[in-house]
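A look at the structure
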Amino acid sequence: VQIFGTDISKKMLQKAKEKSNALSKKTIRLFKMDAAQLDFPDNYFDKAMGAYILSATDKPKDILFEISRVLKPMGLFVFVNHFKSDTPLMKAVEWWLKPISKERGFFTSLDLKEIIKDTSLHILKVEPVNLFGAWHVIVAVNGKKYNNKD
């Protein structure tokens, strides 16, 4: 098993390196990269995981397209993120927090169905992960077909 980690922040990569040193039995490789422009070949990974990456960027759809590109057909993408709520109370809270969140680089108005609809990712499961259901674990499969030109 090989584990690859990417982040655009040197500080976060340093934290990841410190944590990976404790897992000496695993092969962990870390790279400084923008998730919307990954330096990996097409169809490279069987699985990918992302934690809180989509709400921390102004280009979440670009990231999903890039994940789709580097994932093999039928590869799994598991990610945790905040998506806009459908409940009136949470919508009001998100609206109230939007200016503060945006100032801190966090976007509260992401619509999961909207950002994933033009990608080859298909949602298999959505599970809330906190008391208020504001954060979710999403399991998606890459529905693209292999390019047989190679």
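The structure this text deals with has already been given above.
Owing to the predicted nature of the structure, the values given are computational and were not obtained by experimental measurement.

Concerning the overall build of the protein
- For the protein, the count of helices and strands is 4 helices and 6 strands.
- Counting from the amino terminus, the protein carries its helices and strands in the arrangement β-α-β-β-α-β-α-α-β-β.
- For the protein, the residues scored as buried account for 34% of the 150 residues in total.
- The contacts in the protein between residues at least 6 apart in sequence include a share of 71% that link residues at least 24 apart.
- About 10,300 Å² of surface is accessible on the protein, with carbon and sulfur atoms providing 56% of the total.

What to know about the pattern of salt bridges
- Scanning the model with the defined rule gives 6 salt bridges in all.
- The partner of Arg-69 in a salt bridge is Asp-42, and the shortest N-O contact between them spans 2.6 Å. Here Arg-69 is found in helix 2 (residues 60-70), whereas its partner Asp-42 is found in the loop between strand 2 (27-32) and strand 3 (45-51), with 27 residues between them in sequence.
- For Arg-69, a relative accessible area of 23% translates into the label partly exposed.
- For Arg-69, the salt bridge identified is with Glu-66, shortest N-O distance 2.8 Å.

As for the sheet that holds strand 3
- The sheet built from 4 strands is open, its strands ordered 3-4-6-5 with mixed pairing. A single partner strand is all that each edge strand has here, and the edge strands are strand 3 and strand 5 (121-128). Neighbour-to-neighbour, the strand axes of the sheet open up by a mean angle of 15°, direction not taken into account.
- Pairing analysis gives 7 bridges linking strand 5 to strand 6 (residues 135-142), with the strands arranged antiparallel. If you follow Lys-125 over to strand 6, its bridge partner there is Val-139.
- On the sheet, helix 2 packs against strand 3, strand 4 (71-82), strand 5 and strand 6 and is oriented at approximately 150° with respect to strand 4.

What counts and what doesn't
- Residues numbered from 1 in each chain as written.
- Predicted model: local features only at pLDDT ≥ 70, side-chain atom pairs only at ≥ 80, totals over all residues.
- Heavy atoms only, no water.
- Helix = DSSP H or I, 4+ residues; strand = E, 2+ residues; numbered from the N terminus.
- Buried < 20%, exposed > 50% of the residue type's maximum accessible area, 1.4 Å probe, protein only.
- Contact = heavy atoms within 4.5 Å.
- Areas by Shrake-Rupley, 256 points an atom, 1.4 Å probe, with all protein chains shown as cover.
- Salt bridge = Lys/Arg side-chain N within 4 Å of Asp/Glu carboxyl O.
- Pairing = 2+ DSSP bridges.
- Axes fitted to C-alpha atoms, helices over the stretch in contact; angles between N-to-C directions.

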